[in-house]
Amino acid sequence: YTIPVGEGLEPVLRIESLYKHFQLPGEKKVTAVDGIDLTVNRGEFLVLLGPSGCGKTTLLRCVAGLDQPDSGRIKISGQDVYRSEQGLNLPPEKRHISMIFQTYALWPHMTAAQNVAYPLISRGMKAKEAKERVERVLEQVDVSSQAKRYPNQMSGGQQQRVALARALVAGTDLILFDEPLSNIDAKVREQLREEMLEMQRTIGFTALYVTHDQSEAMHLAHRIAVLDNGKISQLDTGRAIYTRPENRYVARFIGRTNETKATVEADGVVATPFGRGHAEFSGGEIPLGQEASVAWRPENATVTRVTEPAGERAALTVEGVVAARVFVGMNVELLVSVGDETLLAIAPPDSDIIEGEQVRISVKERNLLALPTGA
Ligand code: ATP
């Protein structure tokens, strides 16, 4: 499949300069959505990712019409659903969207078929036509065999499919997901995540999906919007966000990272407390002489005893003492003390480097990132 990202695609959701604040009596004003611009294209699975309180649910609720923004504009399939200048704020049922909440919220007293039929019947569709539509969509998500069952008679995966069928049946343009997998056991969650992925890629529905779980975001998303205090900190594919974070917040939030302060010198060289190295400026240019934060992913460095010969050319080489060693199965994690700092190094699972040994960490070329210190 091709990733539905880039120029010339059909936007299903367009958010422009959106703001929303909350002010509780006696408390400081909280800007939950702080000037968001975002486009989701047809067929795209876009994930809003961020820690608790960063504003992802509020943004989703503004799109759904459940929260009223302070200002800005929201368009769904080319139609304004919210526009502050014109005092326009359509109710949820007029927005051509469906929402899937935590644990799917299927009606327990209705069968799968009745659950899926509900949005059609409540809109006044005739029973016969609704029945045909329901059969078609249950087939599409591959749960026809469950039509007569109640939610408590179905597996988690089947319930998820029925919830999706209910979201799809009305022919909505956009499905909004609010952490649907968050209250589910880790093992089942992984399985449901794979099913969700498979269904989205085959059916191609357009999704705006909220989660605080980075591995869920990485699995499901065509693009991830990382949120920080109501703002988009970076918007890109999971791979780009992981390998080329644009700021410290993203580098820290996604995956693990080693970080140190440095000064920028000529020709992309950074002077760190451990020595000089050649860095990539993934967050944009930083002026000469300015302080930067220098970061690398532990898996992008090799670790050897200092007594062993240095290998290929490295972007930066750091020497230190192994303070702790943990075997984690796939590999061995070493905490390496360098002066006052502790760095994480990853060795192969059969590594026999032990605590107290002097080691050399060599960051592979093109994997040392210089980021602005501000963020
Ligand atoms: P979580 O993952 O914990 O749900 P979130 O990223 O979805 O977090 P929001 O629920 O959107 O974050 O909240 C963003 C900010 O707005 C928080 O500081 C929160 O306390 C505040 N907030 C959200 N809803 C309300 C409300 N109804 N009244 C007052 N403040 C609110």
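Residues numbered from 1 in each chain as written. Predicted model: local features only at pLDDT ≥ 70, side-chain atom pairs only at ≥ 80, totals over all residues.

Another point: the nonpolar core. Of all hydrophobic cores here, the largest spans 101 residues; its most connected members are Val116, Ala165, Leu176, Leu208 and Ala370. Top element by residues in this core is helix α4 (residues 156-169). It accounts for seven residues. Here this core spans two domains, since at least three of its residues come from each of domain 1 (11-248) and domain 2 (257-372). Beyond its immediate stretch of four places on either side in the chain, Leu208 contacts Leu13, Val40, Leu46, Leu48, Leu60, Val63, Leu174 and Leu176. (Core = buried A, V, L, I, M, F, W, Y, C linked by C-beta atoms within 7 Å. Buried ≥ 20, exposed ≤ 12 C-beta atoms within 10 Å, placed from the backbone. Helix = DSSP H or I, 4+ residues; strand = E, 2+ residues; numbered from the N terminus. Domains from an automatic or database assignment. Contact = placed C-beta atoms within 7 Å.)

This part takes up the domain arrangement of the protein chain. By domain assignment, the protein chain separates into domain 1 (11-248) and domain 2 (257-372). Each partner contributes to the interface: domain 1 provides five residues, whereas domain 2 provides six residues. In terms of residue class, the side of domain 1 that touches domain 2 is made up of one nonpolar, one polar and three charged. (Nonpolar A, V, L, I, M, F, W, Y, C, P; charged D, E, K, R; others polar.)

Attention shifts here to the sheet that holds strand β1 (residues 11-22). As summarised here, the arrangement of the five strands in space is β2-β1-β4-β5-β6, forming an open sheet in which the pairing is antiparallel. Of all strands in the sheet, those with a lone pairing partner are β2 (30-41) and β6 (88-89), marking the two edges. Pairing of β1 with strand β4 (residues 71-76) involves five bridges; the strand directions are antiparallel. Bridged to Arg14 within β4 is Lys75. (Pairing = 2+ DSSP bridges.)

The terminal C-alpha atoms of α4, which comprises 14 residues, lie 20 Å apart, in line with the 20 Å expected from a rise of 1.5 Å per residue. Most of α4 is tucked away: 11 of the 14 residues are buried. Three or more residues of α4 are buried, namely Gln159, Gln160, Arg161, Val162, Ala163, Leu164, Ala165, Arg166, Ala167, Leu168 and Val169. The inward-facing, buried residues of α4 contact β7 (97-100), α2 (112-121), α3 (127-140), β8 (174-178) and α5 (186-203). Phi turns positive one or two residues past the end of α4, at Gly171, with a value near 70°. (Expected span 1.5 Å × (residues − 1).)

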